[in-house]
Amino acid sequence: MAAMRTPALIAAAVLVLSLASVRAGDDDPECTAESFRGKFGAEPLYQLLSTPAPRIKEGMLLATVRYESPCKSGGSAFTVTHTDKHGVDVFVASRGEPECSSKLESPAVFQGEITAAIPAGFEFKGLALIAFPPDGEYESMNLEYEAPTVA
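Calculation rules
Residues numbered from 1 in each chain as written. Predicted model: local features only at pLDDT ≥ 70, side-chain atom pairs only at ≥ 80, totals over all residues. Heavy atoms only, no water. Disulfide = S-S within 2.5 Å. Helix = DSSP H or I, 4+ residues; strand = E, 2+ residues; numbered from the N terminus. Buried < 20%, exposed > 50% of the residue type's maximum accessible area, 1.4 Å probe, protein only. Pairing = 2+ DSSP bridges. Axes fitted to C-alpha atoms, helices over the stretch in contact; angles between N-to-C directions. Salt bridge = Lys/Arg side-chain N within 4 Å of Asp/Glu carboxyl O.

### Remarks on the state of the cysteines
Counting across every chain of the model gives one disulfide. Across the disulfide, C71 is cross-linked to C100 (sulfur-sulfur distance 2.2 Å). Judged by the torsion about the S-S bond (-75°), the C71/C100 disulfide is left-handed. In this pair, C71 sits in the loop between strand 3 (60-69) and strand 4 (78-85) while C100 sits in the loop between strand 5 (88-95) and strand 6 (108-117), placing the two residues 29 residues apart along the sequence. By relative accessible area, C100 is classed as partly exposed at 30%.

### Things to note about unusual backbone geometry
Among all residues except glycine, the phi angle is most often negative; among peptide bonds, the trans geometry is most common. Geometrically, the link from E43 to P44 is a cis peptide bond, its omega value of -5° lying close to zero. The backbone of H86 sits at a positive phi, close to 55°, despite the residue not being glycine. Counting through the fold element by element, H86 comes out in the loop between strand 4 and strand 5. Taking relative accessible area as the criterion, H86 reaches 44% and is therefore assigned partly exposed. Despite not being glycine, D135 shows a phi value in the positive range, around 65°. Structurally, D135 is set in the loop between strand 7 (128-131) and strand 8 (140-142).

### Let's talk about the sheet that holds strand 4
Pairing in this open sheet of four strands is mixed, and the strands run 4-5-7-8 from one edge to the other. Every other strand in the sheet has two partners, leaving strand 4 and strand 8 as the edge strands with one partner each. On average, adjacent strands in this sheet sit at an angle of 30° to one another, irrespective of strand direction. As defined by bridge partners, strand 7 adjoins strand 8 across three bridges and the pair is classed as antiparallel. Looking at the pairing, A131 lines up with S140 of strand 8.

### Points about the pattern of salt bridges
Following the criterion strictly, the structure yields six salt bridges and no others. Note that R55 is salt-bridged to E113, the shortest N-O span being 2.9 Å. Of this pair, R55 sits in strand 2 (residues 55-57) while E113 is found in strand 6, placing the two residues 58 residues apart along the sequence. Accessibility expressed as a relative area gives 16% for R55, which makes it buried.

Structure (structure tokens):
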């Protein structure tokens, strides 16, 4: 029975280390709260929502976000960066400045699904996380992976 628990305990330990290193910036000794915050893009930062769960499908990150914007449809493009933290794939979605042809009189809250390309060469190894912006609902969350369908 103890032998069956060992792989689960090792996986849990790796996950805890990975989550801590996402926040601590252990790969960057000069990582500060401000530089970590800057990884998520335009201010005010977006909220990453946990429902529906963020996922990877056909090389794209799909996630539901909420943010304040001067554009009716949000107007921000998102880019994704990938880091390997102790053998666990960690993704960060960065929001670009909103762009639109006509701005609202006052900013409004946009909520909707975004899509952004996963960096080329990514191969799913069984566990991938998405980091939440500071003060988010979670620090990070498992990314669901939808394997490509074969026609």
